[in-house]
Amino acid sequence: MIVILKPNISRKEETAVLREIRRLGYRPHVMRGVERTVVGAIGDERTHQSLEVLGSWPQVERVMPVQKRYKLVSREAHRGNSTINARNNIIGGRKFQVMAGPCSVEDEFQLLTTAHAVRKAGATILRGGAFKPRTSPYEFQGLGHKGLKLLAKARRETGLAIITELLSEQHAELVAEYTDIIQIGARNAQNFQLLIAAAKTGKPVLLKRGLSMKIEEWLLAGEYVLSNNNPNLMFCERGIRTFETYTRNTLDLSTIPIIKNESHCPIIIDPSQGAGRADLVMAMCKGAAAMGADGLLIEVHPEPAKAWSDGAQQLTIEGFARLMEELKPFIAAAGRE
Ligand code: PEP
Ligand code: MN
């Protein structure tokens with residue numbers, strides 16, 4: 001950490017700061033300028049007590065950290081790209097992975113029709129919410145356990161792997177029993193006890209970005225998964241809340257190069273929650289593929305107009321097939337298959 005002292009302080013005040021830096025386990029390195037003195041505190045900020053308390057001392061102007069607050073998710077911890085195996089589908093490797101399916105699991109016909117269709121078009125992982133986080137308690141909350149059973153049936157029939165959301169710590173064991181990937185939704189992205197429970201199931205975790213979450217907070221939330229002995233974490237950008245009204249959220253595609261720079265974990269883009277508009281999904285997917293995302297999470301419904309949740313953003317089966325066709329050159333351009 002760097003500790004900047006106020007100008008014109010006494011030697012005694014300076015010495016007190018140096019003594020405190022030593023007491024907290026750091027080695028002070030004093031740099032005396034013309035007007036003020038800057039102290040570099042040498043030591044690992046992640047294993048020593050923070051020096052931030054010094055910021056409230058009257059003779060200190062500012063304390064600045066130099067190390068990142070996350071370590072296990074950081075690129076420094078693992079130089080290569082990590083890969084995740086979900087039922088023999090490798091996420092983060094050469095193959096670009098497409099996860100597709102309805103927002104919510106509604107019934108057997110809806111889920112199985114969609115599952116067969118997305119598999120035929122080239123998806124490898126089936127999405128579908130059994131436990132749904134809804135803004136209003138009067139909206140459809142998901143089929144729960146019955147929805148999980150339908151997902152398992154769809155997996156048996158199609159061979160697709162499954163991703164579904166975990167809403168509550170109480171359901172961690174149950175959801176893990178059925179799913180291949182646990183989705184942590186935007187509304188729970190900083191529910192740390194839930195993240196720990198998800199990590200402890202040992203299943204791969206897809207962590208959505210929270211509605212108003214900074215990238216650093218997102219990386220630190222991911223750190224909860226890795227620090228609980230689960231290395232299988234992927235990030236998923238799904239749009240953040242801004243002042244814009246043309247879209248439901250603002251899909252932040254800059255997170256692709258940023259997460260790639262900061263972390264070794266795969267990054268997935270969800271253009272469905274991202275824009276909230278089916279007509280924008282194609283363009284967002286092409287952009288995400290070209291920018292180096294590791295995969296997509298896309299909502300597809302046999303009859304979007306009749307969907308029990310998120311109707312406006314779900315693609316039709318035909319629309320999804322067209323998307324998969326048009327996506328090919330963009331995936332190839334990014335050096336993926
Ligand atoms: C979803 O995937 O249907 C969903 C609820 O996502 P989010 O948590 O990103 O809103
Ligand atoms: Mn949805």
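As the structure is a prediction and not an experimental result, all values here were calculated from the model. (Residues numbered from 1 in each chain as written. Chains lettered and ligands numbered in written order. Predicted model: local features only at pLDDT ≥ 70, side-chain atom pairs only at ≥ 80, totals over all residues. Heavy atoms only, no water.)

A. Seen up close, the coordination of the manganese ion (ligand 2). Protein-derived ligands of the manganese ion (ligand 2) are Cys 103 (SG), Glu 299 (OE) and Asp 310 (OD), with the metal-ligand distances lying across 2.0 to 2.4 Å. Here the donor residues of the manganese ion (ligand 2) share one chain and are spaced in sequence as C-x195-E-x10-D. With Cys 103 in the loop between β7 (97–101) and α2 (108–121) and Glu 299 in strand β14 (residues 295–299), the pair connects residues that are 196 residues apart, well separated along the chain. Residue classification places Cys 103 among the buried positions, given a relative accessible area of 2%. (Donors = N, O, S within 2.8 Å, 3.2 Å for Na, K, Ca; no water. Helix = DSSP H or I, 4+ residues; strand = E, 2+ residues; numbered from the N terminus. Buried < 20%, exposed > 50% of the residue type's maximum accessible area, 1.4 Å probe, protein only.)

B. Structural view of the site of ligand 1. Close to ligand 1 lie 13 residues; Arg 127, Ala 186, Arg 187, Lys 208 and Arg 238 are nearest. Contact distances for ligand 1 include 3.0 Å between an oxygen atom and a side-chain N or O atom of Gln 183. Between Arg 187 and ligand 1, the recorded distance is 2.8 Å, taken from a side-chain N or O atom to an oxygen atom. For ligand 1, the accessible surface in isolation is 290 Å², of which the surrounding protein chains cover 97%. Among the cavities detected, the one that contains ligand 1 is the largest pocket. Class assignment for the residues of the shell around ligand 1 results in three nonpolar, three polar and seven charged. (Near = heavy atom within 4 Å. Polar contact = N/O pair within 3.5 Å; in protein donor to acceptor, adjacent residues only side chain to side chain. Areas by Shrake-Rupley, 256 points an atom, 1.4 Å probe, with all protein chains shown as cover. 1 Å grid on protein atoms, 1.4 Å probe; cavity = no way out; pocket = protein on both sides within 12 Å on 5 of 7 lines; lining within 4 Å. Sits in = over half its atoms within 2 Å of the grid points. Nonpolar A, V, L, I, M, F, W, Y, C, P; charged D, E, K, R; others polar.)

C. Layout of the layout of surface pockets. What the largest pocket holds in volume is close to 350 Å³. If you go around the largest pocket, you meet 22 residues; those closest to its centre are Pro 133, Arg 187, Arg 248, Gln 273 and Asp 310. Residue composition of the lining of the largest pocket, grouped by class: four nonpolar, six polar and twelve charged. Every residue lining the second largest pocket is counted, 15 residues in all, and those nearest its centre are Ala 121, Gly 122, Met 324, Lys 328 and Ile 331. (Points joined across faces, edges and corners; volume = space filled by probe spheres on them.)

D. Highlighting the sheet that holds strand β13 (residues 267–269). Spatially, eight strands are ordered β7-β8-β9-β10-β11-β12-β13-β14 in a closed barrel, and the strand pairing comes out parallel. The sheet shows a mean angle of 25° between the axes of neighbouring strands, direction not considered. As judged from the four bridges shared by strand β11 (residues 205–208) and strand β12 (residues 233–237), these two strands associate in the parallel manner. Following the sheet pairing, Leu 206 is matched in β12 by Met 234. (Pairing = 2+ DSSP bridges. Axes fitted to C-alpha atoms, helices over the stretch in contact; angles between N-to-C directions.)

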